[in-house]
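One letter stands for each residue in the lines below.
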Amino acid sequence: MDRLKAFGFLMVFAVPAQMPLAAWLASSTGWPNASAWFPLFFLFVMLPAVDLMLGHDPRNVPPEQEREVALQPWFRALTLLALPVHVGVLVWSASWFMQAPLDVVGQAGWLLSQGLRRTAMSCLGRRSGSPPGRRAAAAARDRGTIPRTGGW
């Protein structure tokens, strides 16, 4: 895997970075209520537009190299940093919200922006290692629909 593609995995931090960026925009532009909606604009307008312009990248990591890539320190560090970064931004975002000069429209934008981040984190947690997910995977494995790989 080339280095440029490896740096693309830093995009996992693009979503939490939108909340501090919105706060900075609020203080530097003087439009705190409009800035509170910036994370939603980024996620639903800017990001899809950039994705459309870049096009589809059909090059994935070859299956025989997946384990090697997964064990690289770079990917392990990204995995271990993702949760603390998201939780830290959640705590910071709540404290910023409490002191921000937002009216009802700005408060709605900030809460919706923050809620989407929390929803994404919740879905990630459910899919990766929650007990219901493990039970469902174990049941599928016991039915013979998933090959036994050990470790559970």
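What counts, and at which threshold
- Throughout this document, residue positions are counted from 1 along each chain, in the order its sequence is written.
- It should be noted that, the model being predicted, local features are given only for residues of pLDDT at least 70 and side-chain atom pairs only at 80 or more, the latter also being counted only at that level, while totals for whole chains, interfaces and linings use all residues.
- The side-chain figures draw on all heavy atoms in the structure; neither hydrogens nor water molecules are used.
- Per the convention used, a helix needs a DSSP run of H or I reaching at least four residues, while a strand needs a run of E reaching at least two, with both numbered from the N terminus.
- Only protein chains enter the calculation, and the probe is 1.4 Å; a residue is then buried if its accessible area is under 20% of its type maximum, exposed if over 50%, and partly exposed in between.
- Throughout, a residue-residue contact means that at least one pair of heavy atoms, one from each residue, lies within 4.5 Å.
- The Shrake-Rupley method, run with a 1.4 Å probe, gives the accessible areas here. Residue values count only the displayed protein chains as cover.
- One less than the residue count of a helix, multiplied by 1.5 Å, gives the span that helix is expected to have.
- Note on definitions: angles span 0 to 180 degrees between N-to-C directions of axes, and those axes are lines fitted to C-alpha atoms, for helices only across the stretch in contact.
- Any angle from 65 to 115 degrees is called roughly perpendicular, while one under 35 is roughly parallel, one over 145 is roughly antiparallel, and all others are oblique.
- Handedness of a crossing is defined here by the sense of rotation of the near helix relative to the far one, left-handed for an anticlockwise turn of less than a right angle and right-handed for a clockwise turn.
- Each residue carries a pLDDT value, the predictor's own confidence for that position, ranging from 0 to 100.
- Nonpolar cores are built from buried Ala, Val, Leu, Ile, Met, Phe, Trp, Tyr and Cys residues. Side-chain atoms within 4.5 Å join them into one set.
- Residues enter patches when their relative accessible area tops 30% and they take part in no salt bridge; the joining distance is 9 Å for like charges and 5 Å for the nonpolar side chains Val, Leu, Ile, Met, Phe, Trp and Tyr.
- Salt bridges are identified by distance alone: a Lys or Arg side-chain nitrogen within 4 Å of an Asp or Glu carboxyl oxygen.
- One axis is fitted to the seven residues ending at the residue and one to the seven starting there. The bend at that residue is the angle between these axes.

K.L.:
Where do I start with the overall build of the protein in this structure?
P.N.:
Tallying secondary structure elements over the protein gives eight helices and zero strands in all. N-terminal to C-terminal, the α/β element order of the protein is α-α-α-α-α-α-α-α. Put simply, the protein has 152 residues, and 24% of those count as buried. A separation threshold of at least 6 residues defines the contact pool for the protein, and within that pool the share at least 24 residues apart is 66%. When the accessible surface of the protein is summed, it comes to about 10,800 Å², and 68% of that surface belongs to carbon and sulfur atoms.

K.L.:
Explanation requested: helix H2 (residues 14-29) in the structure shown.
P.N.:
Within an α-helix, residues lying three or four positions from one another point in the same direction, as the helix has 3.6 residues per turn. Taking 1.5 Å of rise per residue, 16 residues should cover 22 Å, and H2 covers 21 Å from first to last C-alpha, within 8% of that figure. The set of residues buried in H2 consists of Ala 14, Pro 16, Gln 18, Met 19, Ala 22, Ala 23, Leu 25 and Ala 26. Gly 30 sits one or two residues past H2 and shows a positive phi near 80°.

K.L.:
It is not clear to me how the packing of H2 against helix H4 (residues 38-54) should be interpreted in this structure. Could you clarify?
P.N.:
Between H2 and H4, the least distance of the axes is 8 Å, while the angle of their chain directions is 140°. As summarised for this structure, H2 and H4 are arranged oblique, according to the angle between their axes. Regarding H2 and H4, the two cross each other, and that crossing is right-handed. Contacts between H2 and H4 pair Ala 14, Val 15, Gln 18, Met 19, Leu 21, Ala 22 and Leu 25 from the former with Phe 38, Pro 39, Phe 42 and Leu 43 from the latter.

K.L.:
Whenever I open this one, the confidence of the model for the protein confuses me. Can you help?
P.N.:
Low-pLDDT stretches of the model should not have their predicted coordinates read in fine detail. Per-residue confidence for the protein gives a mean pLDDT of 79, with 75% of residues at or over 70. This stretch, residues 124-133, has a pLDDT under 50; its non-local contacts, to residues over four places away or in other chains, come to three contacts.

K.L.:
Would you take a moment to explain the environment of Gly 109 for this structure?
P.N.:
Residue placement: Gly 109 occurs in helix H7 (residues 104-128). Once the C-alpha coordinates of Gly 109 and Ala 34 are considered, the two residues, 75 residues apart in sequence, prove to be 8.1 Å apart.

K.L.:
Help me out: how do you make sense of the nonpolar core in this one?
P.N.:
A general feature of soluble globular proteins is that nonpolar side chains tend to end up buried together. Of all hydrophobic cores here, the largest spans 13 residues; its most connected members are Phe 38, Trp 96, Leu 102 and Trp 110. Every element with two or more residues in this core is listed here: H2, H4 and helix H6 (73-99). Here this core gets five residues from one element, more than from any other, and that element is H2. Beyond its immediate sequence surroundings of up to four residues, Trp 110 is in contact with Met 19, Ala 22, Ala 23, Ala 36, Trp 92, Ser 93, Trp 96, Phe 97 and Leu 102.

K.L.:
In this structure, what is going on with a nonpolar patch on the surface? I would like to understand it.
P.N.:
Among the surface-exposed residues, Phe 41, Phe 44, Val 45, Met 46 and Leu 116 lie close enough to one another that they form a single nonpolar patch of about 450 Å² accessible area. With four residues, the single largest contributor to the nonpolar patch is H4. On the secondary structure map, Phe 41 appears in helix H4.

K.L.:
I tried to follow H6 on my own but got confused; where do I start?
P.N.:
For H6, spanning 27 residues, the distance from its first C-alpha to its last is 39 Å, which sits close to the expected 39 Å at 1.5 Å a residue. Along H6, the helix axis deviates most sharply at Leu 81, where the bend reaches about 30°; the proline Pro 84 sits within four residues downstream. Those residues of H6 not exposed but buried are Phe 75, Leu 78, Ala 82, His 86, Val 89, Ser 93 and Trp 96.

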